[in-house]
Amino acid sequence: MRNFINKFFSHNNLPQLNWFGKMFSFLIINGYWGVIKNPTFYQGPLKGITLPVLNCYSCPLAYTSCPIGLMQHFLEIRLVPYYLIGVISTIGVIFGQATCGWVCPFGLLQDILYKIPGRKLRIPHKLYYMKYLFLLVTIVLSIWMVSPVFCKYFCPVGTLEAGLPHIIWAPEFRPLLTWIFGLKFALMIIFLLLFVFTKRPFCTTSCPMGAILGGFNKVSFLQMHVSAYKCTKCDICRTVCPMDISIWKNPKDLDCIRCGRCVVGCPANAIEMTFRGVKIAKLNVNPTPRKSDTQG
Amino acid sequence: MKKRIGALILLLISIAVLLIGIKMGQIEETSNKGNLICLDCIGIT
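Residues numbered from 1 in each chain as written. Chains lettered and ligands numbered in written order. Predicted model: local features only at pLDDT ≥ 70, side-chain atom pairs only at ≥ 80, totals over all residues. Heavy atoms only, no water.

(A) Looking closely at the overall build of chain A. Of the regular secondary structure elements, chain A holds 14 helices and three strands. Within chain A, the fraction of its 296 residues that count as buried is 55%. Contacts spanning at least 24 positions in sequence make up 74% of the contacts within chain A whose residues lie at least 6 apart. If you sum the accessible surface of chain A, you get close to 13,100 Å²; carbon and sulfur atoms cover 71% of it. Taking the average place of the 30 positive charges on the side chains of chain A and the average place of its 10 negative ones, the gap between the two points comes to 5 Å. (Helix = DSSP H or I, 4+ residues; strand = E, 2+ residues; numbered from the N terminus. Buried < 20%, exposed > 50% of the residue type's maximum accessible area, 1.4 Å probe, protein only. Contact = heavy atoms within 4.5 Å. Areas by Shrake-Rupley, 256 points an atom, 1.4 Å probe, with all protein chains shown as cover. Lys, Arg positive; Asp, Glu negative; His and termini not counted. Charge placed at Lys NZ, Arg CZ, Asp CG, Glu CD.)

Next comes the structure, spelled out in structure tokens:
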């Protein structure tokens, strides 16, 4: 089994595997295509499942529930969300923040839009701390105002995945729209534009889920390792990284989404991915970064 | 080695918390919440 895993991951196919993983997850999490025949949304037992990725549960295609929406709901009804904490921490301890890089549908959208050619910008790393503020404000205000403030006033995922589809095919909702929808719609447009010019701006600056999961990168079974002997500090790992981080500076970086692009992109072959100490992703040949990976 | 054992203990605690949540019926609560249209997510309040 170990040999199979080693062989499967030890080639230059990690970026392709990552794209396949994200697409596959998108189709599984948002797999309720019956909505085409019957314009409603999935209502069933699978909504009892929550995964540590941002995917609005009111999306007509969604099979699973959003962890941030759920967290706010439990805070509103004054219950400790043991189930949610258990799911997030179990997956976090095993995979760290890898679900952001391999599963999250909103991450997939950001990666796709960043592929649009043009001038690319870098987000100052100080702004990366904003997501912790978002998490704190979400928790405090959800308790204080007894309202899902993140979903209500900010979340562009909800506007894109739930707001727009429901408003398009349910005319009865349109007269009920308030300035809040206008605010959320404007935020969504701003984010969609940012997705074209910067690497994962929502994940890096605003996602409370990423803020929670990032903490597990310090202890997770899935880890990145950088060989101090091989590393030339050329910083190409930052160029190919969808989160724009220099993994050689800190392999346990709180923002690393374990996508493995740096493993393939490193010209010195210095970066490895391990699972409980077992190497599962390393290179067999000396790579040259692909042009599409080095944009920006 | 200490870190690995620590992570393993953390995993066991996480699974225990998850089981407590399941026993308290929080999957049903999650399902009930998820099966309603979230008007806040749409922008209607």
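This is not the end of the story, as more comes after the structure.
(B) Seen up close, the packing of aromatic side chains. All names here are of chain A. Applying the stated criterion to the full structure yields 17 aromatic pairs over all chains. Measuring from centroid to centroid gives 5.9 Å for Phe 20 and Phe 24, while their planes differ by 15 degrees, and the two rings are stacked. Of the two residues, Phe 20 and Phe 24 are both situated in helix H2 (residues 14-29); the distance of four residues between them amounts to about one turn of the helix. Using a relative accessible area of 47% as the deciding quantity, one classes Phe 24 as partly exposed. Feature note: the residues Phe 106, Phe 134, Phe 150, Phe 154, Phe 191, Phe 195 and Phe 202 constitute an aromatic cluster, connected by ring pairs. Positioned above the aromatic ring of Trp 19, the side-chain terminus of Lys 22 is 4.1 Å from the ring centre. Its end group placed over the ring of Tyr 114, Lys 120 keeps NZ or CZ at 4.4 Å from the ring centre. (Phe/Tyr/Trp six-rings, centres within 6.5 Å; stacked < 30°, edge-to-face > 60°. Lys NZ or Arg CZ within 6 Å of the ring centre and 35° of its normal.)

(C) The packing of helix H4 (residues 82-95) of chain A against helix H1 (residues 2-23) of chain B, seen in detail. Put simply, H4(A) and H1(B) touch, their axes get as near as 7 Å, and they point 155 degrees apart. Considered as vectors, H4(A) and H1(B) are oriented roughly antiparallel to each other. Crossing of H4(A) against H1(B): the hand is left-handed. Counting all contacts with H4(A), which are made through Tyr82(A), Tyr83(A), Ile85(A), Gly86(A), Val87(A), Ser89(A), Thr90(A), Val93(A) and Ile94(A), the residues of H1(B) involved are Ala7(B), Leu10(B), Leu11(B), Ser14(B), Ile15(B), Val17(B), Leu18(B), Ile20(B), Gly21(B) and Ile22(B). (Axes fitted to C-alpha atoms, helices over the stretch in contact; angles between N-to-C directions. Parallel < 35°, antiparallel > 145°, perpendicular 65-115°, else oblique. Left-handed = near helix turned anticlockwise from the far one by under 90°.)

(D) Spotlight on the packing of H2(A) against helix H6 (residues 105-114) of chain A. Residue and element names in this part refer to chain A. Two elements in contact, H2 and H6, have axes whose closest approach is 9 Å; the angle formed by their N-to-C orientations is 130 degrees. Overall, the two elements H2 and H6 adopt an arrangement that is oblique. Of the two elements, H2 crosses H6, and the hand of that crossing is left-handed. Residues Trp 19, Lys 22, Met 23 and Phe 26 of H2 lie in contact with H6, whose contacting residues are Pro 105, Leu 108, Asp 111 and Ile 112. Each residue belonging to the contact of H2 with H6 can be placed in one class, and the counts come to six nonpolar, no polar and two charged. (Nonpolar A, V, L, I, M, F, W, Y, C, P; charged D, E, K, R; others polar.)

(E) Fine view of helix H7 (residues 130-145) of chain A. All names here are of chain A. Taking 1.5 Å per residue as the helical rise, H7 with its 16 residues ought to reach 22 Å, and the 21 Å between its terminal C-alpha atoms agrees with that figure. Listed as buried for H7 are Lys 131, Leu 135, Thr 138 and Ser 142. Viewed end-on, H7 has its buried residues packed into an arc of 60 degrees, placing them on one side of the element. What points out from H7, more than 90 degrees from its buried face, is the exposed set Leu 133, Leu 136 and Trp 144. Structurally, H7 contributes buried residues whose contacts are with helix H3 (67-76), helix H8 (149-153), helix H11 (201-205) and helix H12 (208-214). The positive-phi residue at the C-terminal boundary of H7 is Val 146, with phi of around 50 degrees. (Expected span 1.5 Å × (residues − 1). Arc of directions from axis to C-beta.)

(F) Representation of the interface of chain A and chain B. Taken together, the contact between chain A and chain B spans 47 residues of the former and 32 residues of the latter. Summed over both partners, the interface of chain A with chain B buries about 3,300 Å², with 69% contributed by carbon and sulfur atoms. Between chain A and chain B we count zero salt bridges in total. Applying the counting rule to chain A against chain B returns 11 residue pairs in polar contact (both at pLDDT 80 or more). (Buried area = accessible area lost by both parts, 1.4 Å probe. Salt bridge = Lys/Arg side-chain N within 4 Å of Asp/Glu carboxyl O. Polar contact = N/O pair within 3.5 Å; in protein donor to acceptor, adjacent residues only side chain to side chain.)

(G) How the structure looks around unusual backbone geometry. Residue and element names in this part refer to chain A. Even without being glycine, Asp 235 reaches a positive phi, approximately 70 degrees. By the element assignment, Asp 235 lies in the loop between strand S1 (222-226) and helix H13 (236-240). Phi angles above zero are rare outside glycine, and Asp 244 is one such case at about 60 degrees. In this structure, Asp 244 sits in the loop between H13 and helix H14 (261-265). Under the relative-accessibility criterion, Asp 244 is labelled buried at 3%.

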